[in-house]
Amino acid sequence: MKLLRVGEPGAETPAVRDEDGTVYALAGLTGDIDGAFLASGGIGRVRAALAEGSLPVVDASDLRIAAPVARPGKVVCIGLNYRDHAEETGAAVPERPVVFMKDPSTVVGPFDEVLIPRGSLKTDWEVELAVVIGRRARYLADPGEAAQCIAGYATSNDVSEREFQLEFSAQWDIGKSCETFNPLGPWLVTPDEAGDPQDLALRLSVNGEQRQDGSTKNMIFDVAYLVWYLSQYMVLNPGDVINTGTPAGVALGLPGTPYLRAGDTVELSIDGLGTQRQTFINA
């Protein structure tokens, strides 16, 4: 099942996309797809309504697709979680997950324009598997408990400004939290449809030239471990998002460091989770 939100910013409405691509409105079941919806068994209610055939069809072909989760409480990011990415950036392969936070207001739709910050010289791309939390995770006993806390998965672009991130501060947050720096979606795909989160291909191209081509099977710390690990240090609440890291191929690690400029177009996808496409413009 694929949950999505459609409509202009501030006027999004919830919907679900069935296996055959038909989109159904969820306004009769919930006001939005958010933490409260996920915590209250919303996905189960949608599944039951689909089975009953009681949802109205909506023509979403001309509607903006928004981020599939409204107002995440927090966006937790994992850095250097692919060995090839750590190596290309000259960083040591971490022995423990590298954790940083990203301003939740960076989350935008998968086809929205992304703003290159004023003064930026090093805006970069990162295709990532995003995990959306569906049930409170606090001091999980082991990684085996993680699955029950995951509502689903989505494609994420963890846009980064490398000078802000690595040269202006000892911490990474200011280079990760610029306006529009986290396109998410197009869908929140439930675990039963997404399949094995450790066997998904990730791809990203810039202006039609492929830059990233990896697989989640090459994560250093897998999804279940990350959810368990984070739960030892913070409470993960329904609607929270975890960006799980990016494979090699970012501008920072490429010859000539071809950072993004106004007019560049980035397209990214993850198997089964959908495709994003953004044009970058100056803020």
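Given the structure is predicted, the values throughout are model-derived calculations rather than measurements.

1. Considering the pairing of strand S10 (residues 150-157)
Right, on to step 1. Across the eight residues of S10, eight count as buried, placing the element largely inside the fold.
Right, on to step 2. For strand S9 (residues 127-133) and S10, the ladder comprises seven bridges, and the chain directions are antiparallel. Each bridged residue has a counterpart across the sheet, and for Val 131 the counterpart in S10 is Tyr 153.

2. Re the layout of surface pockets
Right, on to step 1. Of the volumes computed, that of the largest pocket is approximately 210 Å³.
Right, on to step 2. Counting residues per element, the lining of the largest pocket draws most heavily on helix H2 (residues 42-52), which supplies three residues.
Right, on to step 3. Its residues placed into classes, the lining of the largest pocket shows six nonpolar, six polar and one charged.

3. Concerning the pattern of salt bridges
Right, on to step 1. Applying the stated rule across the entire model yields 18 salt bridges.
Right, on to step 2. Arg 64 is the partner of Glu 12 in a salt bridge, and the nearest nitrogen-oxygen pair spans 3.3 Å. Pair noted here: Glu 12 is in the loop between strand S1 (2-6) and strand S2 (13-17) and Arg 64 is in the loop between H2 and strand S4 (75-79), with a separation of 52 residues, a long-range link.
Right, on to step 3. A salt bridge links Arg 71 to Asp 32, with the nearest nitrogen and oxygen atoms 3.7 Å apart. Of the two residues, Arg 71 sits in the loop between H2 and S4 while Asp 32 sits in the loop between strand S3 (23-25) and helix H1 (35-39), which places them 39 residues apart along the sequence.
Right, on to step 4. One salt-bridge network, in which partners are shared between bridges, spans Arg 5, Glu 12, Asp 32, Asp 34, Arg 64, Arg 71 and Asp 112.

4. Brief notes about H2
Right, on to step 1. Listed as buried for H2 are Gly 42, Ile 43, Val 46 and Ala 49. Here the buried residues of H2 occupy an arc of 125° about the axis, which is enough to place them on one side. Of the residues in H2, the exposed ones pointing more than 90 degrees away from the buried face are Ala 51 and Glu 52.
Right, on to step 2. Against S1, S2, H1 and S10 lie the buried residues of H2.
Right, on to step 3. Gly 53 occupies a position one or two residues after H2 and carries a positive phi of about 75°.

What counts and what doesn't
Think of each chain on its own: its residues are numbered from 1, step by step along the sequence as written. In keeping with the model being predicted, local features are shown solely for residues with a pLDDT of at least 70 and side-chain atom pairs are shown and tallied solely at 80 or more, while totals for entire chains, interfaces and linings include all residues. Note that water and hydrogens are dropped before the side-chain values are worked out from all heavy atoms of the structure. Note on classification: 1.4 Å probe, protein chains only; a residue is buried when its accessible area is under 20% of the maximum for its type, exposed when over 50%, partly exposed between these limits. Note on conventions: DSSP H or I runs of at least 4 residues are helices, E runs of at least 2 residues are strands, and numbering of each starts at the N terminus. Two strands qualify as a pair provided that DSSP identifies no fewer than 2 bridges between them. Here a cavity denotes a set of grid points, spaced 1 Å apart and computed over the protein atoms alone, in which a 1.4 Å probe fits but from which it cannot get out, and a pocket denotes an open set meeting protein on both sides within 12 Å along at least five of seven lines; residues with an atom within 4 Å of a point are reported as lining. Grid points are joined across faces, edges and corners, and a volume is the space filled by probe spheres set on the points. Under this grouping Gly is polar, as are all residues other than the nonpolar Ala, Val, Leu, Ile, Met, Phe, Trp, Tyr, Cys and Pro and the charged Asp, Glu, Lys and Arg. Criterion for a salt bridge: a side-chain nitrogen of Lys or Arg within 4 Å of a carboxyl oxygen of Asp or Glu. The directions considered for the arc run from the helix axis to the C-beta atoms. The contact definition used throughout considers only heavy atoms, calling two residues in contact when any of these lie within 4.5 Å.

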